[in-house]
Amino acid sequence: MHETLVPVNLVGLPGSLRKASFSRATLIGLHDNLPEKVRLEICDLQLPLYNEDDDRSDAPTQVRRFRDAIASSDGVVIVTPEYNHGVPGVLKNALDWASRPFGKSVLTNKPVLGISVSPAFTGGVRAHAQLNETLLSIPAHVMGGPQVVIGSIREKIEDGVLVDQASLSFALTALRRMITFSRLSSPRLIA
Ligand code: FNR
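Residues numbered from 1 in each chain as written. Predicted model: local features only at pLDDT ≥ 70, side-chain atom pairs only at ≥ 80, totals over all residues. Heavy atoms only, no water.

J.: Please explain the overall build of the chain as it appears in this structure.
T.: When helices and strands are tallied, the chain shows five helices and eight strands. Along the chain direction, N to C, the helices and strands of the chain fall in the order β-α-β-α-β-α-β-α-β-β-β-β-α. For a compact globule of 191 residues, the expected C-alpha radius of gyration is about 16 Å, and the chain comes in at 16 Å, within 12% of that figure. Structurally, the chain occupies a C-alpha span of about 50 × 45 × 25 Å along its principal axes. A burial count over the chain gives 47% of its 191 residues as buried. Residue pairs at least 24 apart in sequence account for 78% of intrachain contacts in the chain once pairs closer than 6 positions are excluded. Only carbon and sulfur atoms are counted for the fraction: they give 52% of the accessible area of the chain, which is about 9900 Å². (Helix = DSSP H or I, 4+ residues; strand = E, 2+ residues; numbered from the N terminus. Rg over C-alpha atoms; globule rule 2.2 N^0.38 Å. Buried < 20%, exposed > 50% of the residue type's maximum accessible area, 1.4 Å probe, protein only. Contact = heavy atoms within 4.5 Å. Areas by Shrake-Rupley, 256 points an atom, 1.4 Å probe, with all protein chains shown as cover.)

J.: Help me understand the packing of aromatic side chains, please; the structure alone is not making it clear to me.
T.: Two aromatic rings are characterised by how far apart their centres lie and by the angle between their planes. Counted according to the given criterion, the structure contains one aromatic pair. When the ring of Tyr 50 is compared with that of Trp 97, the centres are 4.8 Å apart and the planes differ by 65°; the resulting orientation is edge-to-face. Of this pair, Tyr 50 sits in the loop between strand 2 (38-42) and helix 2 (61-71) while Trp 97 sits in helix 3 (residues 89-98), and the two are 47 residues apart along the sequence. We classify Tyr 50 as partly exposed; its relative accessible area is 25%. Directly above the aromatic system of Phe 22 lies the positively charged group of Arg 18, at a separation of 4.8 Å from the ring centroid. (Phe/Tyr/Trp six-rings, centres within 6.5 Å; stacked < 30°, edge-to-face > 60°. Lys NZ or Arg CZ within 6 Å of the ring centre and 35° of its normal.)

J.: Sorry, what's going on with the side chain of Asp 55 here?
T.: Mapping Asp 55 onto the fold places it in the loop between strand 2 and helix 2. Setting aside residues up to four positions removed in sequence, Asp 55 forms contacts with Tyr 50, Arg 67, Trp 97, Arg 100 and Pro 101.

The following block contains the structure:
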């Protein structure tokens, strides 16, 4: 039987706005090593601060674009640093926008793979735990399995790209699990 691979479109969210961000570099490393028929669009989280007064059908343009990108994707990959033992405000702000209007979260049941990175050997584990808790409340489908945490990230980046093979292989294994999950739950599945 001839099998056709279902295309999978993923959105990548870096939890940092820094130009030389290691989080973004990690997403670029994944982007450069994607399996066949998988696309990853890396988004910018430069969004206004969440304000419930603005949370109407005519939400700010950047917010609408951001929500649309998630809504039309097959899954989301978040790579976040840890700020003061938690999730950076930039990422939390974006997730708050994505979670509303109430009951219409674009992340509802969306497969999400969280990855934390840090120049420290702790790899941002505390931010990772907080991220999972927020995602569960949204309610996204948080991918289980070994927690992808990358410590000493500074030494693993070259020219703005994650190149460390062990880290890439660890993260890509988790990513492939999400891709398989996404394909199995896809209405476009062709046997
Ligand atoms: C940090 N950093 C940091 N690292 C860590 O492992 N645990 C922490 O609690 C913190 N706290 C923290 C607070 C603030 C305000 C800043 C700016 C930084 C260091 C952080 O991991 C490092 O700057 C990363 O390089 C930031 O991620 P990007 O921008 O490289 O993606």
